[in-house]
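Coordinates in review
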Amino acid sequence: RISYISKLLKVLRMPSLEDLSIAIGISSSYPRELEVDSAKWTQSLYKVSHTLLDDFTDSARLTSLSYKVWFDEYTDSPLLLDGRASNIPLDKIPSVSTITLSSFVRVLFTRDFSVGNSLHTDFGSSSRLRELIFVGCENMTVEDLKWTVWSLNLFGVWEKIERIVVRGCEKLAYEDVVRVVGEKRLRHYESL
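Below or above, wherever it landed, is the structure these notes cover. All values derive from a computational prediction rather than experimental measurement.

Within the chain one finds five helices and eight strands. Scanning the chain from its N terminus toward the C terminus, one meets helices and strands in the order α-β-α-α-β-β-β-β-β-α-β-α-β. Taking all 192 residues of the chain together, 44% fall into the buried category. Entry remark: accessible area of the chain is about 10,700 Å², with carbon and sulfur atoms responsible for 52%.

Here's what the structure looks like:
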């Protein structure tokens, strides 16, 4: 299925694209797939993200990314969130300054280590990312937020983040968010 997406994106030409929205839905109609271990599940979601963002790497006009990972909540099937994560490859979005995130699982920033032999992880000098907006991340806890910040720190990008906005993330208390991101970076907080 991923190869079909890749073929479609290679045909599309969008030289003036400034805002990109990606929505990935996880269907509850396949309960066996929900039981796959969290590492395989996360790796599969990474492959999808990587493929969807692959052809926008060189787009200097792309400055805003909205990234939503949602789960078909109209189900009786329990979804185990044990370590599952959605990954956003920083090396695919060097010109993006604002990312809006909405995810029912943890969000980690990553990079593709399969390209070349370099273990260089510092994107701080090349990344234009300055603002993160978390919207409706209903399962995000303070631990998940710490992991997101850790992943940005790992790649040298966290110090460049100037603004954090949190809206409708019911498990994130204001005090916890301030403790993790700092009062100076937190520009807006709105609970449900």
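What follows concerns the pattern of salt bridges. Going through the model one piece at a time under the given rule, you end up with seven salt bridges. The residue Asp144 makes a salt bridge to Arg106 at a minimum N-O spacing of 2.8 Å. In this pair, Asp144 sits in helix α4 (residues 142-154) while Arg106 sits in strand β5 (residues 106-110), placing the two residues 38 residues apart along the sequence. The residues Asp144 and Arg106 share a single accessibility class, namely buried. As a salt-bridge pair, Arg179 and Asp176 come within 2.9 Å of each other at their nearest N and O atoms. Note that Arg179 and Asp176 are positioned in helix α5 (residues 174-181) at a spacing of three residues, about one turn of the helix. With relative accessibility at 54%, the residue Arg179 sits in the exposed group.

Here the focus is the state of the cysteines. Throughout this description, disulfide means a covalent bond between two cysteine sulfur atoms. For the structure shown, the criterion picks out zero disulfides. A disulfide-free cysteine, Cys137 has its sulfur positioned 4.2 Å from the sulfur of Cys169, the nearest such atom. A relative accessible area of 0% places Cys137 in the buried class. Overall, Cys169 belongs to the buried group, its relative accessible area being 1%.

Moving on to the side chain of Asp144. For Asp144, a relative accessible area of 11% gives the class buried. Residues contacting Asp144, with those up to four places away along its chain left out, are Arg106 and Asn139.

Let us now look at the side chain of Ser127. Relative to the assigned elements, Ser127 resides in the loop between β5 and β6 (131-135). A polar contact is formed between the side chain of Ser127 and the backbone nitrogen of Leu129, at a distance of 3.2 Å. The residues contacting Ser127, other than those within four sequence positions of it, are Pro94, Val157 and Lys160.

Once that is clear, we can look at the nonpolar core. Where a protein is soluble and globular, its nonpolar side chains tend to be buried together. If you look at the biggest cluster of nonpolar residues, it comprises 43 residues, and the most contacted ones within it are Phe109 and Phe134. Ranked by the residues each element gives to this core, the list is headed by α4, at four residues. In contact with Phe134, not counting residues within four places along its chain, are Leu101, Met140, Leu145, Thr148, Ile164, Val165, Val166, Arg167 and Cys169.

Scoring rules and cut-offs
Residues numbered from 1 in each chain as written. Predicted model: local features only at pLDDT ≥ 70, side-chain atom pairs only at ≥ 80, totals over all residues. Heavy atoms only, no water. Helix = DSSP H or I, 4+ residues; strand = E, 2+ residues; numbered from the N terminus. Buried < 20%, exposed > 50% of the residue type's maximum accessible area, 1.4 Å probe, protein only. Areas by Shrake-Rupley, 256 points an atom, 1.4 Å probe, with all protein chains shown as cover. Salt bridge = Lys/Arg side-chain N within 4 Å of Asp/Glu carboxyl O. Disulfide = S-S within 2.5 Å. Contact = heavy atoms within 4.5 Å. Polar contact = N/O pair within 3.5 Å; in protein donor to acceptor, adjacent residues only side chain to side chain. Core = buried A, V, L, I, M, F, W, Y, C linked by side-chain atoms within 4.5 Å.

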